[in-house]
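# A structural walkthrough
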Amino acid sequence: MNIPFRKHCAALAAAFGLLAAGAAQARESAFIIPPPAVDPSKDPALQEKAVIAGGCFWGVQAVFQHVKGVTNAVSGYAGGKAGMANYDAVSSGRTGHAEAVEITYDPKQISYGQLLQIYFSVAHDPTQLNRQGPDSGTQYRSTVFPSDDSQRKVAEAYIAQLNQTGVYPKTLATTVEPLQAFYPAEGYHQDYLVRHPYSMYIMVNDIPKVENLAKTFPDRYREKPVLVN
């Protein structure tokens, strides 16, 4: 499956604007941040889920597919209605949906707060409002979708904590929106980085995220990703 036309064009524009490898790496640099101060433990006997959004779901999915303790990471849509949960509609930016990723994880190996640390550090730039890299629109917003009150408290406390660190160049644009439902994306969006590692968009925007995960969180990184298909 070829890259959708709009992203193909955006990737080419990004590539021509970032011919120097150093510039590309600078744009995808990681934020070195502390772990969350509020991160209560969960029942270790249960698989937990987290839903987050931070730009194109291809790169966010790829990052968490390489995180130890994650048993699945699915690209999809959250924030809008079921009837509008498809790529063509969401790409209009008028559905309320964000391109999101649902992460299933083992709380014996990783906590919700630790997932958020990776999210705020290497998965995207949380200071960008309604955009990431070459992609712009509300569907690319930085949003945490907590599924319960415990997740909401962790997310809100962590955003407040990070805004006080001085690590970021400006206040985080990340919103916290209650999770109404998560809708898996079309099959061709799943495992996109693994299946298209040499596409221009992936090389410029997403592979550096996975590389930053390995460098910044070596104890959390696993070489072989967990795949949807």
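On a predicted model such as this, the values are computed, not experimentally measured, just so you know. (Residues numbered from 1 in each chain as written. Predicted model: local features only at pLDDT ≥ 70, side-chain atom pairs only at ≥ 80, totals over all residues. Heavy atoms only, no water.)

### With respect to the overall build of the protein
Along the protein, the regular secondary structure elements total 8 helices and 8 strands. Burial statistics for the protein: of 229 residues in total, 52% are counted as buried. Look at the contacts in the protein between residues 6 or more apart in sequence, and 81% of them connect residues 24 or more apart. (Helix = DSSP H or I, 4+ residues; strand = E, 2+ residues; numbered from the N terminus. Buried < 20%, exposed > 50% of the residue type's maximum accessible area, 1.4 Å probe, protein only. Contact = heavy atoms within 4.5 Å.)

### A look at the packing of aromatic side chains
What describes a pair of aromatic rings is the distance from one ring centre to the other and the angle between the planes of the rings. According to the stated counting rule, one finds 7 aromatic pairs in the structure shown. With a centroid separation of 6.4 Å and an interplanar angle of 25 degrees, the aromatic rings of F57 and Y87 are classed as stacked. Of this pair, F57 sits in helix α3 (residues 57-65) while Y87 is found in helix α4 (residues 87-90), placing the two residues 30 residues apart along the sequence. Y87 matches F57 in its accessibility class, with the two residues each being buried. Each ring, one from Y119 and one from F120, has its centre 4.8 Å from the other, and the planes form 65 degrees; the classification is edge-to-face. For the pair Y119 and F120, one class covers both residues: buried. Taken together, F57, Y77 and Y87 form an aromatic cluster joined through their ring pairs. (Phe/Tyr/Trp six-rings, centres within 6.5 Å; stacked < 30°, edge-to-face > 60°.)

### Considerations on helix α5 (residues 112-123)
Counting buried positions along α5 gives 11 out of 12 residues, so the element sits mostly inside the fold. Regarding α5, the residues found buried are Y112, G113, L115, L116, Q117, I118, Y119, F120, S121, V122 and A123.

### Describing the pattern of salt bridges
Under the counting rule described, the total for this entry stands at 6 salt bridges. With a closest N to O distance of 2.9 Å, E177 and R141 form a salt bridge. In this pair, E177 is assigned in the loop between β7 (175-176) and β8 (182-184) and R141 in the loop between β5 (135-136) and β6 (142-145), connecting sequence segments 36 residues apart. Across the salt bridge formed by K153 and D149, the nearest N and O atoms sit 3.3 Å from each other. (Salt bridge = Lys/Arg side-chain N within 4 Å of Asp/Glu carboxyl O.)

### Details of the side chain of Q139
Of note, Q139 is situated in the loop between β5 and β6. Residues contacting Q139, with those up to four places away along its chain left out, are V90, S91, G93, H97, A98 and E99.

### Re the side chain of Q61
With respect to the helices, strands and loops of the structure, Q61 is situated in helix α3. Discounting residues that sit within four places of it in the chain, Q61 has contacts with A73, V74, S75, V101, H189, Q190, D191, Y192 and V228.

### Quick look at the confidence of the model for the protein
Per-residue confidence for the protein gives a mean pLDDT of 90; residues scoring 70 or more make up 88%. Below a pLDDT of 50 lies the segment residues 8-26, which in the model reaches 18 contacts outside its immediate sequence neighbourhood of four places, other chains included. (pLDDT = per-residue confidence, 0-100.)

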